[in-house]
Amino acid sequence: FLSFTIYSCAKKSDSSSSSSTTELEGTWKSSCVSSGSKYKIRTLTVSGTNVTDQWKYHFDSSCDNDSYSYDSTYSSLSIGDEYTDDGYGSSGGSGHQFTMTIDTNTYTSLSASDLTWVNDNSYCGETGWELNTAKDVAGKTCESEVMWDTNITIYGLYMFDGNKLFRNFTSGSYPSSNLVGDNDVFTKQ
């Protein structure tokens with residue numbers, strides 16, 4: 001359920017100090033965007049050094065009828081070096097690198113039809129799915145997607161453009177670019 005777009009990115013070292021998490025504090029939300037046969041809203045909430053990331057999928061283009069959600073929680077958010085994204089806009093964009101540790105990674109069935117599907121297909125190798133009940137999928141293969149396991153370091157980038165937030169995070173190493181497409185915009189709530 002993750003997509004990546006490639007833009008040029010040059011790292012600018014800033015070894016003098018690290019930024020605090022204050023500028024990220026709060027709840028950031030995407031608009032309702034198309035995602036395959038569904039529509040999704042992504043919500044990123046930062047509180048101190050704790051982060052929650054939700055991908056909530058819906059049946060309709062107004063995102064009123066829930067289908068399922070992926071939810072992850074993170075801790076130990078640490079803001080690192082500045083970076084410059086030369087491919088963003090007419091004058092480029094700047095932001096920071098960050099790291100955090102993933103604590104939980106779950107899937108929740110939010111509709112009768114999705115519940116039937118996940119149980120019939122033993123989604124993520126799991127059985128006994130229940131409606132509106134989160135199930136741990138950390139480290140599991142869900143269809144062809146291998147879900148992140150817990151207690152690993154996640155590396156990311158973020159950037160602001162006015163009241164818009166763009167972010168990208170991956171495991172193993174810093175992503176090579178930020179996600180800056182129209183469907184990747186978060187606004188503060």
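About the thresholds
Every chain is numbered on its own, with residues counted from 1 as its sequence reads. The model is predicted, so local features are restricted to residues of pLDDT at least 70 and side-chain atom pairs to those at 80 or more, both for listing and for counting; the totals for chains, interfaces and linings are taken over all residues. The side-chain numbers reported here are obtained from all heavy atoms of the structure, hydrogens and water having been left aside. Throughout this description, buried means an accessible area under 20% of the type-specific maximum (1.4 Å probe, protein chains only), exposed means over 50%, and partly exposed covers the range between. In this text, helices come from DSSP runs of H or I with a minimum length of four residues, and strands from runs of E with a minimum of two, each type numbered from the N-terminal end. Strands were regarded as paired on the criterion that DSSP finds at least two bridges between them. The pairing test for Phe, Tyr and Trp rings, Trp by its six-membered ring, is centres within 6.5 Å, and the orientation test on the planes gives stacked under 30 degrees, edge-to-face over 60, and tilted for anything in between. For this analysis, a salt bridge means a side-chain nitrogen from Lys or Arg found within 4 Å of a carboxyl oxygen belonging to Asp or Glu. A pair of cysteine sulfur atoms is labelled a disulfide when the two atoms are within 2.5 Å.

Engineer: Before we move on, could you go through the pairing of strand β6 (residues 66–85) and cite the residues and values that matter?
Structural biologist: Across the 20 residues that make up β6, a large majority, 14, are buried. The pairing of β6 with strand β7 (residues 93–109) spans 14 bridges and is classified as antiparallel. Its bridge partner being in β7, Ile79 is matched across the sheet by Phe98.

Engineer: Before we move on, can you summarise the packing of aromatic side chains with the specific residues and values?
Structural biologist: Tallying each qualifying case throughout the model produces 16 aromatic pairs. Pairing Tyr68 with Tyr107 gives two aromatic rings, centres 5.3 Å apart and planes at 20°, and the pair type is stacked. With Tyr68 in strand β6 and Tyr107 in strand β7, the pair connects residues that are 39 residues apart, well separated along the chain. Taking relative accessible area as the criterion, Tyr107 reaches 2% and is therefore assigned buried. An angle of 40° between the planes, with centres 6.1 Å apart, marks the rings of Phe98 and Tyr158 as tilted. Pair noted here: Phe98 is in strand β7 and Tyr158 is in strand β11 (residues 153–161), with a separation of 60 residues, a long-range link. The residues Phe98 and Tyr158 share a single accessibility class, namely buried.

Engineer: Can you tell me about the pattern of salt bridges, naming the residues and giving the values?
Structural biologist: Here the structure, examined in full by the defined rule, presents four salt bridges. Notably, a salt bridge pairs Arg42 with Asp184, separated by 4.0 Å at the nearest N-O pair. Residue Arg42 is located in strand β4 (residues 38–47), and its partner Asp184 is located in the loop between β12 (164–171) and β13 (186–188); the two are separated by 142 residues in the primary sequence. Two residues, Glu126 and Lys135, come together in a salt bridge whose shortest N-O distance is 3.7 Å. A relative accessible area of 18% means that Glu126 is categorised as buried. By relative accessible area, Lys135 is classed as buried at 18%.

Engineer: So what about the pairing of β11? Which residues, and what values?
Structural biologist: Pairing of β7 with β11, which is carried by seven bridges, proceeds in the antiparallel orientation. Across the sheet, the residue bridging to Thr101 is Thr153, located in β11. The sheet contact formed by β11 and β12 spans eight bridges and is antiparallel. The residue bridging Gly156 from the neighbouring strand is Phe169, located in β12. Between β11 and the antiparallel strand that follows it, β12, lie two residues; Gly162 among them carries a positive phi value of about 65°.

Engineer: So what's going on with the state of the cysteines? Which residues, and what values?
Structural biologist: Note: disulfide means a covalent bond formed between the sulfur atoms of two cysteine side chains. What the rule picks out here adds up to two disulfides. At a sulfur-sulfur separation of 2.0 Å, the disulfide partner of Cys32 is Cys63. Because the torsion about its S-S bond is 80°, the bridge between Cys32 and Cys63 counts as right-handed. In this pair, Cys32 is assigned in the loop between β2 (26–29) and β3 (33–35) and Cys63 in the loop between β5 (50–58) and β6, connecting sequence segments 31 residues apart. The disulfide bridge from Cys124 ends at Cys142, spanning 2.0 Å between sulfur atoms. With the S-S bond torsion at 115°, the cross-link from Cys124 to Cys142 turns out right-handed.

Any functional reading would require information that these geometric values do not contain.
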